[in-house]
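Below are the chains, spelled out letter by letter.
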Amino acid sequence: MTRHIIIALVLMLNMLVPLCLKAQTDAQFSQYYEVPSFYNPAAIGRTDFIRIRGGARMQWVGIDRAPKTFAAVADMPMKLFEKRIGLGVVVDQETAGLYSTLNFGAQFAYKFKKLGGTWTAGVQIGYIDQGFKGSEVDIPDDDDYHEGNDDALPRTDVHGGTVDFSAGIWYDHKMFYAGISGTHLTAPTVKLKADGDNGGDATTGTERYFEFGARRTLYFMAGGNIPIKNTLFDILPSVLVKSDFAFTTAEINARVRYNRFLTFGVGYRWNDAVTATIAAEYKNFFIGYSYDYATSAIARASSGSHEVFAGYSLKLNLGNKNRNKHKSIRYM
């Protein structure tokens, strides 16, 4: 299985001199509703808390070099000239096969009230760092598509980076929320070169490099909070639709929360997987776990995907006066 994955990655790279590979660069999370700012920079500063979430996803366990993703987001509200704004940061790192991707960004959002809820417009400026471990390329002797001395394949580790932009809008109502966003709006291209390599071929005098292109991606996310009358239960439905205009997919989740403490849920990702989730919240701490079982043929090689998120929320006082004043011990 490892050999087939490596060959597939090599096949993609063979098309890159200097053609550009267009790929989906945003990580996939089953608990997307816990990290909405990962997909939409307008989904920040939604509460009076500094909100932090971090987690890891191990996809397709049992398959060597399958994707592994680590991500963290943090956001907070604040007031600027008596106007409420949001500030946030996001970072994720993913490895898949011989590829590695690091994304990080800073987010800013402006809020205003209209139509019975709060509207938010947000932007994100970030950076994409892409790498490929050419030193680990292994071409089997019986490979009918490549030769061991194929100049179209990098035989050293290469990487590169570029600036990236995203933007979105978000609406919060006491009963539901919804947002739409676009990531990689400039469709940035990363030139991959070896460390210290200026991209030229000393033998032919021609420019030689590899490129990675991030597709513009559109996201729509929505969800609700439906209390069950005369009980301690809430129903929390949510949906995420994503499209890079070449491939579109969607997932839907239904969760039930008891006493704002324990949450259980199930979900379905179109033509990909079914998910089960359990989470707990206690004194501003959060931890959640989800398991994905593939509904595609990949289930024959994998036992499933695992994902864990944890977080903490710190209450802020956004009033004009500090209700919790402290005296200096020097004057007590």
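Located above this text is the structure these notes cover.
Computed from a predicted structure; not experimentally measured.

(A) Up close: the overall build of the protein. Secondary structure assignment for the protein yields 1 helix and 18 strands. Long-range contacts, defined as pairs at least 24 residues apart, comprise 58% of the intrachain contacts of the protein with a sequence gap of at least 6. A total accessible area of about 18100 Å² is found for the protein, and carbon and sulfur atoms account for 61% of it.

(B) Empty space enclosed by the protein, seen in detail. This structure, assessed with the given rule, holds 2 cavities of 30 Å³ or more. Looking at the lining of the largest cavity, the elements with two or more residues in it are strand E4 (83–96), strand E5 (99–114), strand E6 (117–133) and strand E7 (157–172). Sort the elements by how many residues they give to the lining of the largest cavity and E6 lands first, with 4 residues. Along the lines of polarity and charge, the residues of the lining of the largest cavity split into 9 nonpolar, 10 polar and 3 charged.

(C) Broad picture of a nonpolar patch on the surface. Taken together, the side chains of Val91, Phe104, Ile125, Tyr127, Val163, Phe165 and Leu185 present a nonpolar region at the surface, about 560 Å² in accessible area. When contributions to the nonpolar patch are tallied by element, the ones reaching two or more residues are E6 and E7. Note on placement: Ile125 falls in strand E6.

(D) Expanded view of the nonpolar core. Grouped together as the largest cluster of nonpolar side chains are 20 residues, with contacts concentrated most on Phe29, Tyr32, Phe38, Tyr39, Trp170, Met221 and Leu240. Contributing elements (two or more residues each) for this core: strand E3 (68–80) and strand E11 (217–224). Residues contacting Tyr39, with those up to four places away along its chain left out, are Ala27, Gln28, Phe29, Tyr32, Ser181, Thr183, Tyr219, Met221 and Leu240.

(E) A look at the environment of Phe108. Its place among the elements puts Phe108 in strand E5. Phe108 sits 16 residues away from Gln124 along the chain, and the two C-alpha atoms are 6.6 Å apart.

(F) Structural context of the pairing of strand E15 (residues 262–269). Residue alternation in E15 divides its side chains into a buried set, Thr263, Gly265, Gly267 and Arg269, and an unburied set, Leu262, Phe264, Val266 and Tyr268. Bridge count between strand E14 (residues 248–258) and E15: 8 bridges; the pairing is antiparallel. Paired with Tyr258 across the bridge in E15 is Leu262. In this antiparallel pair of consecutive strands, E14 and E15, the connection spans 3 residues, and Asn259 shows a positive phi of 55°. Linking E15 to strand E16 (residues 273–282), which pair antiparallel, is a turn of 3 residues; within it Asn271 sits at a positive phi near 55°.

(G) Representation of the pairing of E6. As judged from the 16 bridges shared by E5 and E6, these two strands associate in the antiparallel manner. Pairing of Tyr110 across the sheet is with Ala121, part of E6. Linkage of E5 to E6, two consecutive antiparallel strands, is achieved through a turn of 2 residues, within which Leu115 is found at a positive phi near 55°. As paired strands, E6 and E7 are joined by 16 bridges and run antiparallel to one another. Residue pairing across strands places Gly122 opposite Gly168, the latter belonging to E7.

(H) Region of interest: the packing of aromatic side chains. Applying the stated criterion across every chain yields a total of 14 aromatic pairs. When the centroid spacing of 5.0 Å and the interplanar angle of 80° are considered together, the rings of Phe38 and Tyr39 count as edge-to-face. In textbook terms, an aromatic cluster arises when at least three aromatic residues are bridged by ring pairs, as seen for Phe29, Phe38, Tyr39, Tyr219 and Phe309. A cation over an aromatic ring shows up here: Arg46 above the ring of Tyr177, its NZ or CZ 5.0 Å from the ring centre. Geometry around Tyr33 places Arg255 over its ring, the cationic atom sitting 3.7 Å from the centre.

What counts as what
- Residues numbered from 1 in each chain as written.
- Predicted model: local features only at pLDDT ≥ 70, side-chain atom pairs only at ≥ 80, totals over all residues.
- Heavy atoms only, no water.
- Helix = DSSP H or I, 4+ residues; strand = E, 2+ residues; numbered from the N terminus.
- Contact = heavy atoms within 4.5 Å.
- Areas by Shrake-Rupley, 256 points an atom, 1.4 Å probe, with all protein chains shown as cover.
- 1 Å grid on protein atoms, 1.4 Å probe; cavity = no way out; pocket = protein on both sides within 12 Å on 5 of 7 lines; lining within 4 Å.
- Points joined across faces, edges and corners; volume = space filled by probe spheres on them.
- Nonpolar A, V, L, I, M, F, W, Y, C, P; charged D, E, K, R; others polar.
- Patch = residues over 30% accessible without salt bridge, like charges linked within 9 Å, V, L, I, M, F, W, Y side chains within 5 Å.
- Salt bridge = Lys/Arg side-chain N within 4 Å of Asp/Glu carboxyl O.
- Core = buried A, V, L, I, M, F, W, Y, C linked by side-chain atoms within 4.5 Å.
- Buried < 20%, exposed > 50% of the residue type's maximum accessible area, 1.4 Å probe, protein only.
- Pairing = 2+ DSSP bridges.
- Phe/Tyr/Trp six-rings, centres within 6.5 Å; stacked < 30°, edge-to-face > 60°.
- Lys NZ or Arg CZ within 6 Å of the ring centre and 35° of its normal.

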